[in-house]
Amino acid sequence: MRPPQLLDVVALLHPVPYEALQLADERYELSAGLAVGTVGTVVEICQEQTGLVAYLIEFSDSSGCGYAFATLPAGALLVLHYTP
């Protein structure tokens with residue numbers, strides 16, 4: 001499995017708690033965080049001081065309006081594929 005790339009569509013493999021989210025739209029109730037399977041897009045790849053790579057993921061609604069961001073490691077993400 002390849003690591004996520006910029007603009008890849010990904011799904012969460014682990015829940016993300018509210019405290020780990022940066023909210024972009026207050027209209028959404030996210031006090032429970034985000035559930036496993038929530039879909040987002042890689043919008044930035046970050047090299048951390050420890051040498052590890054983290055991914056800034058934007059979560060958007062079905063209209064394309066972003067509602068939250070989270071910085072996550074590759075192990076928390078599943079890259080989705082639409083073609084083989």
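Structure: see above.
The structure displayed is predicted, hence computed values, not measured ones.

Things to note about the pairing of strand E3 (residues 39-47)
Then, in step 1: Taken together, the 3 bridges between strand E1 (residues 9-12) and E3 define a ladder with antiparallel strand orientation. Within E3, the position partnered with valine 9 by the bridge is threonine 41.
Then, in step 2: In this structure, E3 lies alongside strand E4 (residues 53-60), joined through 6 bridges in antiparallel fashion. Looking at E4, one finds that glutamine 47 is bridged to valine 53.
Then, in step 3: Hairpin connection, E3 to E4: the antiparallel pair is bridged by 5 residues, and glycine 51 has positive phi, about 95°.

Considerations on the nonpolar core
Then, in step 1: Counting residues in hydrophobic clusters, the biggest one holds 17 residues, and the most contacted among them are Leu34, Ile57 and Leu72.
Then, in step 2: With 4 residues, strand E5 (residues 66-73) is the single largest residue contributor to this core.
Then, in step 3: When near neighbours in sequence (up to four residues on either side) are disregarded, leucine 72 contacts Leu12, Val16, Ala54, Tyr55, Ile57 and Leu77.

Rules and cut-offs
- Residues numbered from 1 in each chain as written.
- Predicted model: local features only at pLDDT ≥ 70, side-chain atom pairs only at ≥ 80, totals over all residues.
- Heavy atoms only, no water.
- Pairing = 2+ DSSP bridges.
- Helix = DSSP H or I, 4+ residues; strand = E, 2+ residues; numbered from the N terminus.
- Core = buried A, V, L, I, M, F, W, Y, C linked by side-chain atoms within 4.5 Å.
- Buried < 20%, exposed > 50% of the residue type's maximum accessible area, 1.4 Å probe, protein only.
- Contact = heavy atoms within 4.5 Å.

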